[in-house]
Amino acid sequence: MEGLAECEDPQFIEPLLELAQKDTSEEVRAAAISALGHFALLAELQKIRPKYGLRIMEALIALIRDQDQPLAVRRRAVEAVAPLSQPEVKKAITEAYLSPLLPLKVSALHAMGRNCDSQWLSILLPELRSPVVEIRSEAAGALGELGDETAIPHLVPPCYDEDVQVREAAVRALGKIEID
């Protein structure tokens, strides 16, 4: 499935959805969902028909909201659906962020960066000061993905964070932001 990272042929979407929803292995399901994230991005960029993006969105949001799904499956679904700029996607990301489950919240922060909407700045900027290393690191990474110049002054302090993971994420994020 990792080999599909550069594939733009939508014929793989239905088999991936089948694996994501029904395979007995949690690991296989999570990998299939991650591969679907590439196709979600292609749909958002209009490189494949919009109907594929809608199909992916419906399936992944159903997985996110299904509390009986393994956490790894729900996390990958939040991250994979993120490129789609539909209101339902933003709602699913917000719900994941508000979850009491830390790993799901971390995935939601990652998804905010992949969603490429500056509306997430109001959440991501304060999370740079979280007491949780994973949160600070993921918030910095997401800010880099957003590429919004207004994040630059907020990313400087994390470059001096006590944790190397946070420092690296902040430096990478600064490197991704283009200044006009």
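What counts and how
Residues numbered from 1 in each chain as written. Predicted model: local features only at pLDDT ≥ 70, side-chain atom pairs only at ≥ 80, totals over all residues. Heavy atoms only, no water. Helix = DSSP H or I, 4+ residues; strand = E, 2+ residues; numbered from the N terminus. Rg over C-alpha atoms; globule rule 2.2 N^0.38 Å. Buried < 20%, exposed > 50% of the residue type's maximum accessible area, 1.4 Å probe, protein only. Contact = heavy atoms within 4.5 Å. Areas by Shrake-Rupley, 256 points an atom, 1.4 Å probe, with all protein chains shown as cover. Lys, Arg positive; Asp, Glu negative; His and termini not counted. Charge placed at Lys NZ, Arg CZ, Asp CG, Glu CD. Axes fitted to C-alpha atoms, helices over the stretch in contact; angles between N-to-C directions. Parallel < 35°, antiparallel > 145°, perpendicular 65-115°, else oblique. Polar contact = N/O pair within 3.5 Å; in protein donor to acceptor, adjacent residues only side chain to side chain. Salt bridge = Lys/Arg side-chain N within 4 Å of Asp/Glu carboxyl O. Nonpolar A, V, L, I, M, F, W, Y, C, P; charged D, E, K, R; others polar.

Some remarks on the overall build of the protein
Phase 1: The number of helices and strands found in the protein is 10 helices and zero strands.
Phase 2: Order of helices (α) and strands (β) in the protein, N terminus to C terminus: α-α-α-α-α-α-α-α-α-α.
Phase 3: Its C-alpha atoms give the protein a radius of gyration of 16 Å, within 12% of the compact-globule value 16 Å for 180 residues.
Phase 4: Along the first, second and third principal axes, the C-alpha set of the protein runs to 45 × 35 × 30 Å.
Phase 5: Relative to its full complement of 180 residues, the protein shows a buried share of 46%.
Phase 6: For the protein, long-range pairs separated by at least 24 residues make up 63% of all intrachain contacts whose partners lie at least 6 apart in sequence.
Phase 7: Accessible area for the protein stands at about 9,200 Å²; split by element, carbon and sulfur atoms hold 53% of it.
Phase 8: Charged side chains of the protein number 19 positive and 29 negative; the gap between the two group centres comes to 3 Å.

Description of the packing of helix α8 (residues 133-146) against helix α10 (residues 164-176)
Phase 1: Viewed as axis vectors pointing N to C, α8 and α10 meet at an angle of 10°, and their least axial separation amounts to 7 Å. Between α8 and α10, the interaxial angle falls into the category roughly parallel. Touching Val133, Arg136, Ser137, Ala140, Gly141, Gly144 and Glu145 of α8 are Gln165, Val166, Ala169, Ala170, Ala173 and Lys176, all from α10.

Some remarks on the environment of Gln165
Phase 1: Following the sequence through the fold, Gln165 ends up in helix α10.
Phase 2: The partly exposed category is assigned to Gln165, whose relative accessible area is 39%.
Phase 3: Only 3.4 Å separates the side chain of Gln165 from the side chain of Ser137, close enough to count as a polar contact.

A few points about the pattern of salt bridges
Phase 1: Across all of its chains, the model carries eight salt bridges by this definition.
Phase 2: For Glu18, the salt bridge goes to Lys22, with nearest N and O atoms at 3.7 Å. One end of the pair is Glu18 and the other is Lys22, both in helix α1 (residues 13-22) and four residues apart, which spans about a single turn.
Phase 3: A residue is classified by how much of its surface remains accessible, and Glu18, at 41% relative accessible area, is partly exposed.
Phase 4: Given the relative accessible area of 57%, Lys22 is considered exposed.
Phase 5: The partner of Glu79 in a salt bridge is Arg76, with the nearest N and O atoms 3.0 Å apart. Separated by three residues within a single helix, Glu79 and Arg76 lie in helix α4 (residues 71-81), roughly one turn from each other.

Quick look at the packing of α1 against helix α3 (residues 50-65)
Phase 1: Closest axis-to-axis distance for the α1/α3 pair is 11 Å, and the angle between their directions is 5°. Regarding the angle of α1 to α3, the classification is roughly parallel. For the pair formed by α1 and α3, the contact residues are Ile13, Glu14, Leu17, Ala20 and Gln21 on the first element and Tyr52, Arg55, Ile56, Ala59 and Leu63 on the second.
Phase 2: Residue classes in the contact of α1 with α3 are distributed as seven nonpolar, one polar and two charged.

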